[in-house]
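# Summary of structural features
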Amino acid sequence: LCRRNAAALGLTAKSDFRLADLTRWTAGAERFDLVLLDPPYGEGLAGTALAALAAAGSLAPDAIAVIESDKSQPESIPQGFTLIDRRDYGRTRIELVSLEAERP
């Protein structure tokens, strides 16, 4: 669906989609601007995945991560990330977070 939406918007050449276990992410040459996280609910995996991406240097400076969770079992946001927005839709919670800018 994401690939079809990117094609419909004419963004195929600027898009790269990966389906991966981000809790085990290791450094690579890629840096992501947008990360969509939909881990199994209630297992705390989104925070682990975000921490792994940050440690690997895989997030662009202005990257945004979108986390889906059950609002009764919210994901914890790891240190170093800022909550941008939080919305609840029925039982589902969507949170947008960004990596905090490094201070000089």
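Residues numbered from 1 in each chain as written. Predicted model: local features only at pLDDT ≥ 70, side-chain atom pairs only at ≥ 80, totals over all residues. Heavy atoms only, no water.

## Section: a nonpolar patch on the surface
Taken together, the side chains of Leu34, Leu36, Ile64 and Ile84 define a hydrophobic patch exposed on the protein surface, amounting to about 360 Å² of accessible area. Inspection of the secondary structure puts isoleucine 64 in strand 2 (residues 59-70). (Patch = residues over 30% accessible without salt bridge, like charges linked within 9 Å, V, L, I, M, F, W, Y side chains within 5 Å. Areas by Shrake-Rupley, 256 points an atom, 1.4 Å probe, with all protein chains shown as cover. Salt bridge = Lys/Arg side-chain N within 4 Å of Asp/Glu carboxyl O. Helix = DSSP H or I, 4+ residues; strand = E, 2+ residues; numbered from the N terminus.)

## A short note on the nonpolar core
Membership of the largest hydrophobic core comes to 18 residues, with the highest contact counts inside it found for Leu22, Trp25, Val35, Leu37 and Leu50. Looking at this core, the elements that each hand over two or more residues are strand 1 (32-37), helix 2 (45-55) and strand 2. Apart from the residues within four sequence positions on either side, valine 35 is in contact with Leu22, Leu53, Leu59, Ile64, Ala65 and Val66. (Core = buried A, V, L, I, M, F, W, Y, C linked by side-chain atoms within 4.5 Å. Buried < 20%, exposed > 50% of the residue type's maximum accessible area, 1.4 Å probe, protein only. Contact = heavy atoms within 4.5 Å.)

## A look at the sheet that holds strand 4 (residues 92-99)
For sheets, the rule is that strands pair by backbone hydrogen bonds, running either parallel or antiparallel. The strand order across the open sheet built from four strands is 1-2-4-3, with neighbouring strands paired in mixed fashion. At either end of the open sheet lies a strand with only one pairing partner, and these are strand 1 and strand 3 (81-89). Across the sheet, the axes of successive neighbouring strands diverge by a mean angle of 15°, strand direction being ignored. Pairing between strand 2 and strand 4: seven bridges, direction antiparallel. By the bridge assignment for strand 4, isoleucine 64 is matched with serine 98. Across the face of the sheet, helix 2 comes into contact with strand 1, strand 2, strand 3 and strand 4 while running at roughly 170° to strand 2. (Pairing = 2+ DSSP bridges. Axes fitted to C-alpha atoms, helices over the stretch in contact; angles between N-to-C directions.)

## Describing the pattern of salt bridges
A pair can form between side chains of opposite charge whenever their charged atoms are brought close. Overall, the coordinates contain four salt bridges when judged by the stated rule. Between arginine 86 and glutamate 95 there is a salt bridge; the shortest N-O distance is 2.7 Å. On the basis of relative accessibility, which here comes to 1%, the residue glutamate 95 falls in the buried class.

## Focus on the environment of alanine 46
Mapped onto the secondary structure, alanine 46 falls in helix 2. Separated by 24 residues in sequence, alanine 46 and aspartate 70 place their C-alpha atoms 12 Å apart. For alanine 46, the residues in contact, after removing those within four places along its chain, are Leu37, Pro39, Ile67 and Glu75.

## Thoughts on helix 2
Of the residues making up helix 2, those classed as buried are Ala46, Gly47, Ala49, Leu50, Ala52 and Leu53. Phi for glycine 57, located one or two positions after helix 2, is positive at around 70°.

## Describing the layout of surface pockets
A volume near 1,000 Å³ is recorded for the largest pocket. In terms of lining residues, the largest pocket is bounded by 33 residues, among which Phe17, Arg18, Leu34, Val35 and Leu36 are the most central. Within the residue set of the lining of the largest pocket, elements represented by two or more residues are helix 1 (2-8), strand 1 and helix 2. Classifying every residue of the lining of the largest pocket by side-chain character gives 21 nonpolar, three polar and nine charged. (1 Å grid on protein atoms, 1.4 Å probe; cavity = no way out; pocket = protein on both sides within 12 Å on 5 of 7 lines; lining within 4 Å. Points joined across faces, edges and corners; volume = space filled by probe spheres on them. Nonpolar A, V, L, I, M, F, W, Y, C, P; charged D, E, K, R; others polar.)

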